[in-house]
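# Fold and contact review
Residue strings, one per chain:
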Amino acid sequence: MKRKDPQWPRAIMIFSRPGSCSSSSSSSLARTSADSAAAMRGRGGRGVFRRVGRVAEDEAVFERGGGGLGGGGSESRLGKKSSLENVDVTATKGNEFEDYFLKRELLMGIYEKGFERPSPIQEESIPIALTGSDILARAKNGTGKTAAFCIPALEKIDQDKNAIQVVILVPTRELALQTSQVCKELGKHLKIQVMVTTGGTSLKDDIMRLYQPVHLLVGTPGRVLDLTKKGVCVLKNCSMLVMDEADKLLSREFQPSIEQLLQFLPSNRQILLFSATFPVTVKDFKDRYLPRPYIINLMDELTLKGITQYYAFVEERQKVHCLNTLFSKVWPFTVASN
Ligand SMILES: Nc1ncnc2c1ncn2[C@@H]1O[C@H](COP(=O)(O)OP(=O)(O)OP(=O)(O)O)[C@@H](O)[C@H]1O
């Protein structure tokens, strides 16, 4: 589904990799997955998309389809392709947040955040997560994954019970802060206590904080495990474990901590696994810990529709020259340089 529109491309990435340079940067320019950009802004929300997308090097087996809510990608559900080309966020089934019988306070938070209707990934995940099933979800970055797991997490927490009931694991401190912020905003009218804990910050402060009520813990695997092993973070009442950016969480760096952490959770815990890519490590983890997950796959390509990506492999020192050449030849576009 490549656009022929002469206005494209919209995004260019320049990678430098040892041993993969080419003598001519322009001739090494290649096209990656295609299509469109933009936003849920157009559908009423105040969504601002942060990332253009990622190039997966080790994309692996993902069994498409799955459970019964429509299974296929957004295009197949649309039947006819939207002329707006941003079906990643607009191709909904027409559900409303009210359809999920959420707490009134949670609905207020959702609407105050500017979300009018659930995005496709939210439509697929929220009702299933509310039933208690494990989920393995694949959707592009910027399509509303965060709210897709925060909303059911907030809904399921009993705020009168002083216990950690949900843990959201993420690979970085930045993402932990962003995610906890989303939880706090959506749960603004609830009395749910959200705590962030990540490596590189004071362990003592986190220990002190855990003496206060915490219902929802967002953190990086190593630190959460550390606190759990010390006995200050008690996970015996944690009935939901969310893993965002699961592809990164299941890298060699984090996987051992996650597997140890799972031992501290009750056996009937629910696992929600979200990722834009599904390398073999994710499949292995799924086979071992999520025997019969509900599978949601809303993507064939990594890039949001509307964005055309090109990439060029150049040596580090060629980057600026390459960028300069591209600036003078291609218009209009955005440049991301790694
Ligand atoms: N239902 C909705 N209606 C309008 N805007 C929304 C909705 N859901 C999410 N958004 C907004 O869309 C933007 C992207 O959402 P979000 O960051 O959750 O996507 P994501 O898939 O988690 O992306 P990433 O993986 O890059 O973090 C955010 O600004 C968010 O506030």
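Cut-offs applied
- Residues numbered from 1 in each chain as written.
- Predicted model: local features only at pLDDT ≥ 70, side-chain atom pairs only at ≥ 80, totals over all residues.
- Heavy atoms only, no water.
- Helix = DSSP H or I, 4+ residues; strand = E, 2+ residues; numbered from the N terminus.
- Buried < 20%, exposed > 50% of the residue type's maximum accessible area, 1.4 Å probe, protein only.
- Contact = heavy atoms within 4.5 Å.
- Areas by Shrake-Rupley, 256 points an atom, 1.4 Å probe, with all protein chains shown as cover.
- Pairing = 2+ DSSP bridges.
- Expected span 1.5 Å × (residues − 1).
- Polar contact = N/O pair within 3.5 Å; in protein donor to acceptor, adjacent residues only side chain to side chain.
- Arc of directions from axis to C-beta.
- Axes fitted to C-alpha atoms, helices over the stretch in contact; angles between N-to-C directions.
- Parallel < 35°, antiparallel > 145°, perpendicular 65-115°, else oblique.
- Left-handed = near helix turned anticlockwise from the far one by under 90°.
- Nonpolar A, V, L, I, M, F, W, Y, C, P; charged D, E, K, R; others polar.
- Phe/Tyr/Trp six-rings, centres within 6.5 Å; stacked < 30°, edge-to-face > 60°.
- UniProt positions renumbered as here; feature names shortened; annotations may be inferred.

Here we come to the overall build of the protein. Along the protein, the regular secondary structure elements total twelve helices and eleven strands. Per-residue burial over the protein gives 53% buried out of 338 residues. Taking the contacts inside the protein whose residues are at least 6 apart along the sequence as the reference set, 79% of them involve residues at least 24 apart. Of the roughly 15500 Å² that the protein leaves accessible, carbon and sulfur atoms contribute 51%.

We now examine the pairing of strand E7 (residues 240-243). Where burial is concerned, the two faces of E7 agree: the one with Met240 and Val242 and the one with Leu241 and Met243 are both buried. With four bridges joining them, E7 and strand E8 (residues 270-275) adopt parallel strand pairing. Looking at the pairing, Met240 lines up with Gln270 of E8.

So, about helix H5 (residues 145-156). With twelve residues, H5 extends 17 Å from end C-alpha to end C-alpha; this agrees with the ideal 16 Å at 1.5 Å per step. Those residues of H5 not exposed but buried are Lys145, Ala147, Ala148, Phe149, Cys150, Ile151, Pro152, Ala153, Leu154 and Glu155.

Turning our eyes to something else, we now look at the side chain of Gln270. Considering the arrangement of structural elements, one finds Gln270 in strand E8. Residue Gln270 is classed as buried on the basis of its relative accessible area of 3%. At a separation of 2.7 Å, a polar atom in the side chain of Gln270 contacts the main-chain carbonyl oxygen of Ser133. Apart from residues no more than four positions distant in its own chain, Gln270 is found in contact with Ile128, Ala129, Gly132, Ser133, Asp134, Lys156, Ser239, Met240 and Leu241.

Let us now look at helix H6 (residues 173-186). Spanning 14 residues, H6 covers 20 Å between terminal C-alpha atoms, matching the ideal 20 Å at 1.5 Å per step. The complete set of buried residues in H6 reads Leu175, Ala176, Thr179, Ser180, Val182, Cys183 and Leu186. Seen from one end, H6 has its buried residues packed into an arc of 155 degrees, which puts them on one side. Against helix H3 (104-112), H5, strand E4 (166-169), strand E5 (194-197) and strand E6 (216-219) lie the buried residues of H6.

Let us look at the packing of helix H4 (residues 120-131) against H5. Viewed as axis vectors pointing N to C, H4 and H5 meet at an angle of 25 degrees, and their least axial separation amounts to 9 Å. Here H4 lies roughly parallel to H5, going by the angle between them. Considering how the two elements wind past one another, H4 and H5 form a crossing that is right-handed. Contacts from Ile121, Gln122, Ser125, Ile126, Ala129 and Leu130 of H4 reach H5 at Lys145, Ala147, Ala148, Ile151, Pro152, Glu155 and Lys156. In terms of residue class, the contact of H4 with H5 is built from eight nonpolar, two polar and three charged.

Summed over the entire model, instances satisfying the criterion amount to three aromatic pairs. On the numbers, 4.7 Å between centres and 40 degrees between planes, the contact of Phe285 with Tyr289 is tilted. Of this pair, Phe285 and Tyr289 both sit in helix H11 (residues 280-289), four residues apart, roughly one helical turn. As far as burial versus exposure is concerned, Phe285 and Tyr289 are alike and both buried.

In this section: the sheet that holds strand E9 (residues 294-297). Across a sheet, strands are paired by hydrogen bonds formed along the backbone, either parallel or antiparallel in direction. Strand order across the open sheet formed by seven strands is E5-E6-E4-E7-E8-E3-E9, with parallel pairing between neighbours. Two strands lie at the open edges of the sheet, namely E5 and E9, each paired on one side alone. Between one strand axis and the next, the sheet turns by 15 degrees as a mean value, whatever way the strands run. Of the strand pairs in this sheet, E4 and E7 are connected by four bridges, and their pairing is parallel. Counted as the bridge partner of Ile168 is Val242 from E7. Together, E4, E5 and E6 form the strand contacts of H6, whose direction differs from that of E5 by roughly 180 degrees.

This part is about unusual backbone geometry. You will see that Phe101, though not glycine, has its phi angle at about 55 degrees, which is positive. Inspection of the secondary structure assignment puts Phe101 in the loop between helix H2 (87-90) and H3. Here the phi dihedral of Glu245 falls at roughly 55 degrees; this positive angle occurs in a residue that is not glycine. Counting through the fold element by element, Glu245 comes out in the loop between E7 and helix H9 (246-249). Looking at Glu245, the relative accessible area reads 5%, which means it is buried.

A few words now on the environment of Leu217. Along the chain, Leu217 turns up in strand E6. On a C-alpha basis, the gap between Leu217 and Gln165 in space is 8.2 Å, while along the polypeptide they are 52 residues apart. Aside from chain neighbours lying at most four places away, what touches Leu217 is Ile164, Val166, Val167, Ile168, Met195, Thr197, Val224 and Cys233.

A few words on the environment of Arg292. Assignment of secondary structure puts Arg292 in the loop between H11 and E9. Along the backbone, Arg292 and Ile135 are 157 residues apart, and their C-alpha atoms lie at a distance of 8.7 Å.

So, on to the UniProt feature "short sequence motif: Q motif" (unreviewed entry) in the protein. The sites that UniProt annotates as "short sequence motif: Q motif" (unreviewed entry) are residues 95-123. Regarding residues 95-123, the helix share stands at 45% and the strand share at 0%, and the terminal C-alpha atoms are separated by 7 Å.

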